[in-house]
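# Breakdown of the fold
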Amino acid sequence: MAKYRCTICNYVYDESKEGKKFVDLPKGWVCPICGAPRTVFVMLAENQKGATEEKQVSHTVSEVLVNQLVEWGVQYVFGIPGTSTLGVVDAIRKSNGKIKYLQVRHEQTAAFMASAYGKLTSHVAAVLSISGPGTTNLATGLYDAKLDYSPVLVLTGMVARKQIGHGSLQEIDHYAFFEPISVFNKILMSPEQTTMLATLAVKHALVDRGVAHIGIPNDVQKLPCDMEILPFEERMPNFAYGQEEVIIEKAAKVIDSASRPVIIIGLGARGQKTKLLRLAEKISAPIVSTFKGKDIVDDSEPLYVGCHGGIGSTAAGQLVDKTDLLIVIGSSFADLSMIPKKRMIQIDINPLMIARRYPVEVGLLGNSAILIPKLAAKVLEKHNTAYIQEITQLKQDWLNQLAKEADAIAKPIRAPYIMKVLSEKLADNAVISLDVGENCWWFGRNFQMKHSQKIVMSGNLATMSFGLPSALAAALAYPERQNICITGDGGLTMVLGDFLTALKYQMPIKVFVINNKSLAMIMQEQKVERYQSWQTELHDFNFAKFAEHAGGYGIKVTHPEELPTAVNNALASNVATIVDIDTDPQRFP
Ligand code: FE
């Protein structure tokens, strides 16, 4: 029997109390508090089996810490063992698989994996790293989590208490290092702090949505400790909150007065597809997403017209340009989304996001799961036939343009054709990890999302090399689904060593490399800014041969007609696979 947490509102479903097993719940089952679909639930913990004598007996700070994290649903720890973490590593070993340790080849991968896991599941995975170099190697991955509001727990080993400040081997100032990165940053100095710091760290990561850090001096890890494990329930707030009716009514009136409303959705509308469509249909409005919100509504939905911004669709751009009201739901207004100043109402769970860039006429503070249906109930029904026809035509024009770009015979192979083939071949529920660069640009623009697919990316930090580690995290979170990485030759090279991690743990991820032998996006920027193309060419490397040599499966694709079969073969493979596709670095107008 297990417990599951709704990641939209924090409601906990306890199988032992409810009597029904979660896995047996019918397909249409939703969270009884916020109405979110069952797919957003994550396992919190297996219930302790009845009698106390079966409970794990803890003896040290490390063991209590690990058991406390298990109780709060932390299932994975990523890292490389080392001198200053041996106590915690051994406690994880003794947990008998309740918390799983994945050993990676570089700490940066561990941090990216935890960040990606948080973005995918809205739950916490942990990174465990040694003092000094192991810790500094985490920086990029943790900044990725910070900037994309991903919940991550970092445990670091430190030199023994009596050596702190001596300039000991591998000693850095952990508190100072983590202060600008984290939402919670504490040093565990005495056994009595163990359960409180562990639970507060997970709580802050989830509520403040960021990186929580606990530094643990080497000697403290081994100290005796016999503290009671604190349960999750009754220690977390429920997030099913919304605005006063009078303010919702005000927002509804503003919507009623608009003739060309556009709904813009970001990550904060995650899991709200059905409720969004009901609102859009009732007021005859198109739905536009930010790139990060590309997987919330299917591309096949008539009222969804694609992303906004540099990678956006012409339909989204034109509809947003001509709108007289933007209804913004759960978007952080990143520069790249290029959302213009318009008359606006906004729904966000974070008060600091309301009117962050532009003034808003009505700001609705609360959970979009609660507020979208409340707003939909209050607005007047509108049948704006002319507007709907215009939306349909603009969307069709955009789809026609994408079809034209997907040249199936040009060589080197064109990126739009790769995106077309992948759109057709990937499973309806594939989990797609993206990298940064030209590969991501083409994906955002040309890939057609299907029902239940998920994407994960480095949104605000926009760091190259995120793709492969993210696919490793996806393979843990969704082992039953296709785990796809779409990357470039530049980004993949930075973390290539961790392809071995996929092999070590038998994670059959499928890596598609848009291999254009260059830093193509930077090359494009040099062109646009009339600089000479310089230092953006990359050594031609055969990633397929590397995959084969490492013990995985590799496919090199040079001719466009080979691509569909190569994709089929990769998707059918049961080992980690790299499909290296010789790709044209050029953009086409
Ligand atoms: Fe819920």
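Keep in mind that what you see is a predicted model, and the values were worked out from it rather than measured.

Here the focus is the overall build of the protein. Scanning the protein for helices and strands turns up 22 helices and 21 strands. Relative to the globule expectation of 25 Å for 589 residues, the C-alpha radius of gyration of the protein, 24 Å, shows essentially globular dimensions. Judged by the C-alpha coordinates and their principal axes, the protein covers about 75 × 60 × 45 Å. In the protein, which comprises 589 residues, the proportion classed as buried is 59%. At a minimum sequence separation of 6, the contacts of the protein that also span at least 24 residues come to 74%. Accessible surface, the protein: about 23800 Å² in total, of which carbon and sulfur atoms supply 55%. Across the protein, the 60 positively charged side chains and the 59 negatively charged ones have centroids separated by 2 Å.

Around the iron ion, the donor atoms from the protein are Cys 6 (SG), Cys 9 (SG), Cys 31 (SG) and Cys 34 (SG), and they sit 2.2 to 2.3 Å away. Sequence positions of the donors to the iron ion reduce to the motif C-x2-C-x21-C-x2-C. Residue Cys 6 is located in strand β1 (residues 2–6), and its partner Cys 34 is located in the loop between α1 (15–18) and β3 (41–46); the two are separated by 28 residues in the primary sequence. Taking relative accessible area as the criterion, Cys 6 reaches 0% and is therefore assigned buried.

Glancing now at helix α20 (residues 520–528). Here α20 has its buried residues at Ala 520, Met 523, Gln 524 and Gln 526. All buried residues of α20 project into a common sector of 160 degrees when viewed along the axis, lining one side. In the core, the buried residues of α20 are packed alongside α16 (438–446). Phi for Arg 530, located one or two positions after α20, is positive at around 60 degrees.

Right, let's talk about the sheet that holds strand β2 (residues 12–14) for a bit. Spatially, three strands are ordered β2-β1-β3 in an open sheet, and the strand pairing comes out antiparallel. In this open sheet, the two strands that pair with only one neighbour each are β2 and β3. Strand-to-strand twist of the sheet, defined as the mean angle between neighbouring strand axes without regard to direction, takes the value 25 degrees. Relative to β3, β1 is paired through five bridges, and the arrangement is antiparallel. Pairing of Arg 5 across the sheet is with Val 42, part of β3.

The full count for this structure, using the stated rule, is one cavity of 30 Å³ or more. A volume near 100 Å³ is recorded for the largest cavity. Forming the boundary of the largest cavity are 16 residues, of which Asp 299, Gly 306, Ser 313, Trp 398 and Gln 448 lie nearest the centre. It is strand β12 (residues 304–307) that provides the largest number of residues to the lining of the largest cavity, a total of four residues. Among the residues forming the lining of the largest cavity, the class breakdown is seven nonpolar, five polar and four charged.

Following the sequence through the fold, Tyr 11 ends up in the loop between β1 and β2. Along the backbone, Tyr 11 and Ile 33 are 22 residues apart, and their C-alpha atoms lie at a distance of 6.9 Å. The residues contacting Tyr 11, other than those within four sequence positions of it, are Tyr 4, Arg 5, Cys 6, Glu 18, Cys 31, Pro 32, Ile 33, Phe 41 and Asn 238.

The subject of this paragraph is the sheet that holds strand β21 (residues 577–582). Strand order across the open sheet formed by six strands is β17-β16-β18-β19-β21-β20, with parallel pairing between neighbours. Sheet topology places β17 (454–456) and β20 (553–557) at the edges, where each strand pairs with a single neighbour. With strand direction ignored, the average angle separating the axes of adjacent strands in the sheet is 20 degrees. Here strand β18 (residues 483–488) runs beside strand β19 (residues 510–515); their pairing, made up of five bridges, is parallel. Following the sheet pairing, Ile 484 is matched in β19 by Lys 510. Docked against the sheet, helix α15 (residues 415–425) engages β18, β19 and β21, running at close to 165 degrees with respect to β19. Along the sheet, helix α22 (residues 563–572) contacts β18, β19, β20 and β21; its crossing angle with β20, the most-contacted strand, is approximately 170 degrees.

A few words on the confidence of the model for the protein. Considering every residue of the protein, the mean pLDDT works out to 94; 96% of them sit at 70 or more. Below a pLDDT of 50 lies the segment residues 50–54, which in the model reaches one contact outside its immediate sequence neighbourhood of four places, other chains included.

Within the secondary structure layout, Ala 91 lies in helix α3 (residues 86–94). With sequence-adjacent residues up to four places away left out, Ala 91 is seen in contact with Ser 62, Glu 63 and Val 66.

Take the pairing of strand β10 (residues 261–265) next. The element β10 is largely enclosed, with a buried count of five among its five residues. The two faces of β10 match: Pro 261, Ile 263 and Ile 265 on one face and Val 262 and Ile 264 on the other face are all buried. Pairing of β10 with strand β11 (residues 287–289), which is carried by three bridges, proceeds in the parallel orientation. The residue bridging Ile 263 from the neighbouring strand is Ile 287, located in β11.

The rules behind each value
- Residues numbered from 1 in each chain as written.
- Predicted model: local features only at pLDDT ≥ 70, side-chain atom pairs only at ≥ 80, totals over all residues.
- Heavy atoms only, no water.
- Helix = DSSP H or I, 4+ residues; strand = E, 2+ residues; numbered from the N terminus.
- Rg over C-alpha atoms; globule rule 2.2 N^0.38 Å.
- Buried < 20%, exposed > 50% of the residue type's maximum accessible area, 1.4 Å probe, protein only.
- Contact = heavy atoms within 4.5 Å.
- Areas by Shrake-Rupley, 256 points an atom, 1.4 Å probe, with all protein chains shown as cover.
- Lys, Arg positive; Asp, Glu negative; His and termini not counted.
- Charge placed at Lys NZ, Arg CZ, Asp CG, Glu CD.
- Donors = N, O, S within 2.8 Å, 3.2 Å for Na, K, Ca; no water.
- Arc of directions from axis to C-beta.
- Pairing = 2+ DSSP bridges.
- Axes fitted to C-alpha atoms, helices over the stretch in contact; angles between N-to-C directions.
- 1 Å grid on protein atoms, 1.4 Å probe; cavity = no way out; pocket = protein on both sides within 12 Å on 5 of 7 lines; lining within 4 Å.
- Points joined across faces, edges and corners; volume = space filled by probe spheres on them.
- Nonpolar A, V, L, I, M, F, W, Y, C, P; charged D, E, K, R; others polar.
- pLDDT = per-residue confidence, 0-100.

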